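# Overview (structure and organization)
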Amino acid sequence: MTEITVENESKMLELGARLVRAFSVGDIVLVSGELGAGKTTLIRGMMHELGWMDAVRSPTYNLFAVYDTNPPVLHADFYRITNTQGTGVEDYFDTHLCLVEWPNALRDLIDFLSAKRIDIEFDGDGRRVQLSNISL
Ligand code: ADP
Ligand code: MG
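Residues numbered from 1 in each chain as written. Chains lettered and ligands numbered in written order. Predicted model: local features only at pLDDT ≥ 70, side-chain atom pairs only at ≥ 80, totals over all residues. Heavy atoms only, no water.

## A few points about unusual backbone geometry
How we decide: Strands here are runs of E lasting at least two residues and helices are runs of H or I lasting at least four, both read from the DSSP assignment and numbered beginning at the N terminus.
Across the junction of Asn70 and Pro71, the peptide omega takes the value 0°, indicating a cis bond. Here Pro71 shows up in the loop between β3 (64-67) and β4 (73-77). The backbone of Trp102 sits at a positive phi, close to 50°, despite the residue not being glycine. Relative to the helices and strands, Trp102 resides in the loop between β5 (97-101) and α3 (107-110).

Here is the structure:
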């Protein structure tokens, strides 16, 4: 496990850019932390690095957004739900790099998946980010 402090928004974008280079199709990145912790900012940094120039927002109401990048990305936000049954999210696991905010709804499902799982956890108040299963 690696723990780092990210002082500001631009450093958070940089961290996302740096991390995404190590990810590929079939990875599931679980991004956990409170509202406002910086989860979407980190993912925005990843998407910019992949050349995505349009907006990147938490897909809180649609549950997920698909970006036609290389690798293709599924960006999910399961804040509103406790269980992913019926959402069809599993259809993307083998074909996309999956970036998931509020991943609790997925926890039962991912135990049965072969996909590589990466955990990124934000500490409540500070800007501390813990990374598991990745090295910087
Ligand atoms: P979340 O997706 O976790 O709810 P956001 O990524 O939307 O959080 O970030 C919430 C706010 O915090 C945004 O205004 C963002 O610019 C800011 N922010 C993100 N990371 C940092 C950081 N490391 N330091 C200071 N502000 C940050
Ligand atoms: Mg968010």
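## Remarks on the sheet that holds strand β6 (residues 116-122)
Basically, it comes down to this: Strand pairing requires that DSSP identify at least two bridges connecting the strands. Fitted lines through C-alpha atoms give the axes, limited to the stretch in contact for helices. The angle between two N-to-C directions lies from 0 to 180 degrees.
Across the sheet, which stays open at both edges, the 7 strands sit in the order β1-β7-β6-β2-β5-β4-β3 with mixed pairing between neighbours. Single-partner strands in this sheet number two, and they are β1 (2-5) and β3. Each neighbouring strand pair of the sheet contributes to a mean axis angle of 15°, computed without reference to strand direction. Two strands pair when backbone bridges link them, and strand β2 (residues 27-32) and β5 are joined in this way by 4 bridges, in the parallel orientation.

## With respect to the coordination of the magnesium ion (ligand 2)
The following threshold applies: Water is not part of the atom set, so a site may look incomplete; the donors themselves are N, O and S atoms within 2.8 Å of the metal, or 3.2 Å for Na, K and Ca. Throughout, exposure labels follow a simple rule: accessible area from a 1.4 Å probe, protein chains only, divided by the maximum for the residue type, with under 20% read as buried, over 50% as exposed, and the rest as partly exposed.
The coordination sphere of the magnesium ion (ligand 2), as far as protein atoms go, consists of Thr40 (OG1), Ser58 (OG) and Glu101 (OE), spread over 2.1 to 2.2 Å. The sequence motif formed by the donor residues of the magnesium ion (ligand 2) is T-x17-S-x42-E. Taken as a pair, Thr40 in helix α2 (residues 39-49) and Ser58 in the loop between α2 and β3 lie far apart in primary sequence, 18 residues in all. Taking the relative accessible area as the measure of exposure, Thr40 reaches 12% and is therefore buried.

What is shown is where atoms sit, not what they do.
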